[in-house]
Amino acid sequence: MDFEKIIFEIIVHAGNARSNAFEALESAKNGDFENAYNLLKQAKEELNMAHDIQNKLITEEANGKEIPVKLILIHAEDHLMNAILARDLIEEIITFYKSMHK
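Reading the values: rules and limits
- Residues numbered from 1 in each chain as written.
- Predicted model: local features only at pLDDT ≥ 70, side-chain atom pairs only at ≥ 80, totals over all residues.
- Heavy atoms only, no water.
- Helix = DSSP H or I, 4+ residues; strand = E, 2+ residues; numbered from the N terminus.
- Buried < 20%, exposed > 50% of the residue type's maximum accessible area, 1.4 Å probe, protein only.
- Contact = heavy atoms within 4.5 Å.
- Areas by Shrake-Rupley, 256 points an atom, 1.4 Å probe, with all protein chains shown as cover.
- Lys, Arg positive; Asp, Glu negative; His and termini not counted.
- Charge placed at Lys NZ, Arg CZ, Asp CG, Glu CD.
- Salt bridge = Lys/Arg side-chain N within 4 Å of Asp/Glu carboxyl O.
- Axes fitted to C-alpha atoms, helices over the stretch in contact; angles between N-to-C directions.
- Parallel < 35°, antiparallel > 145°, perpendicular 65-115°, else oblique.
- Left-handed = near helix turned anticlockwise from the far one by under 90°.
- Nonpolar A, V, L, I, M, F, W, Y, C, P; charged D, E, K, R; others polar.
- Patch = residues over 30% accessible without salt bridge, like charges linked within 9 Å, V, L, I, M, F, W, Y side chains within 5 Å.
- Expected span 1.5 Å × (residues − 1).

> Please clarify how the overall build of the protein should be interpreted in this entry.
Each helix and strand in the protein was counted, giving 3 helices and 0 strands. Taken from the N to the C terminus, the helices and strands of the protein come in the order α-α-α. With the principal axes as the frame, the protein shows a C-alpha extent of 55 × 20 × 20 Å. Going through the 102 residues of the protein one by one, you find that 32% of them count as buried. In the protein, the share of contacts with a sequence separation of at least 24, taken over all contacts with a separation of at least 6, comes to 79%. Summing over all exposed atoms, the protein offers an accessible surface of approximately 6600 Å²; the carbon and sulfur share of this is 55%. Across the protein, the mean location of the 11 positive side-chain charges is 3 Å away from that of the 18 negative side-chain charges.

Written out as structure tokens, the structure reads:
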């Protein structure tokens with residue numbers, strides 16, 4: 001697989017994770033906590049896939065393979081970091097919603 005396709009895989013998984021997290025938040029707002037936690041789990045799985053790809057690139061670079069730093073790689077890293085942050089914060093908000101819902 002060429003470098004750009006690998007990078008787009010990170011973007012896709014990060015985007016899926018972010019979408020799942022925000023859908024989870026919406027479910028929690030509506031009191032559907034079972035669906036909210038299921039969506040957070042799906043978000044975590046997407047993040048794990050993106051993170052695995054990132055780790056492979058880091059390992060390749062550590063083993064001496066030159067990894068080109070292109071704008072698309074920076075963009076992918078930005079997407080991944082934002083998705084991780086969104087998921088983590090949304091999980092906390094859902095916990096708060098759940099405590100208020102009782």
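Let's pick the thread back up.
> Teacher, can you tell me more about the pattern of salt bridges here?
Side chains that differ in charge, positive against negative, can pair when their charged atoms come close. For the coordinates displayed, the defined rule picks out 5 salt bridges. Put simply, E60 and K65 hold a salt bridge, and the shortest N to O gap is 3.3 Å. Its relative accessible area of 31% is what places E60 among the partly exposed residues. Of the residues examined, K65 reaches a relative accessible area of 48% and is grouped as partly exposed. Here R87 makes a salt bridge to E91, at a shortest N to O gap of 2.9 Å. In this pair, R87 and E91 are both assigned in helix 3 (residues 71–101), 4 residues apart and thus about one turn of the helix distant. Residue R87 is classed as buried on the basis of its relative accessible area of 10%.

> Just checking my understanding: could you explain the packing of helix 1 (residues 3–29) against helix 3 for this structure?
To describe two helices that pack against each other, one gives the angle between their axes and the distance between the axes. Running from N to C, helix 1 and helix 3 cross one another at 20 degrees; their axes reach a closest spacing of 8 Å. Compared by their axis directions, helix 1 and helix 3 come out roughly parallel. In this structure, the crossing between helix 1 and helix 3 has a hand that is left-handed. Among the residues making up the contact of helix 1 with helix 3, the classes are represented as 22 nonpolar, 2 polar and 4 charged.

> Please clarify how a nonpolar patch on the surface should be interpreted in this entry.
A contiguous nonpolar surface patch, about 350 Å² in accessible area, is contributed by V69, L71 and I74. Overall, L71 belongs to the exposed group, its relative accessible area being 70%.

> Would you take a moment to explain the packing of helix 1 against helix 2 (residues 33–62) for this structure?
The N-to-C vectors of helix 1 and helix 2 enclose an angle of 165 degrees; their axes lie 8 Å apart at closest approach. One element, helix 1, and the other, helix 2, form an angle in the roughly antiparallel class. Handedness of the crossing formed by helix 1 with helix 2: left-handed.

> How do you make sense of helix 1 when you look at a structure like this?
Residues that lie three or four places apart on an α-helix share one face, since the helix turns once every 3.6 residues. Under the 1.5 Å per step criterion, the end-to-end length of helix 1 is 40 Å for 27 residues, consistent within 8% with the ideal 39 Å. Downstream of helix 1 by one or two residues, G31 has phi in the positive range, about 80 degrees.

> Would you mind going over the side chain of N20 with me for this structure?
Locating N20 in the fold gives a position in helix 1. Look at N20 and you get buried, because its relative accessible area is 11%. Residues in contact with N20, not counting those within four places in the same chain, are L39, Q42, A43 and E46.

> Honestly, the environment of E4 in this entry has me stumped. Any pointers?
Residue placement: E4 occurs in helix 1. A C-alpha to C-alpha distance of 9.4 Å links E4 and K70, two positions 66 residues apart in sequence.

Don't take any of this as a statement about function, it's just geometry.
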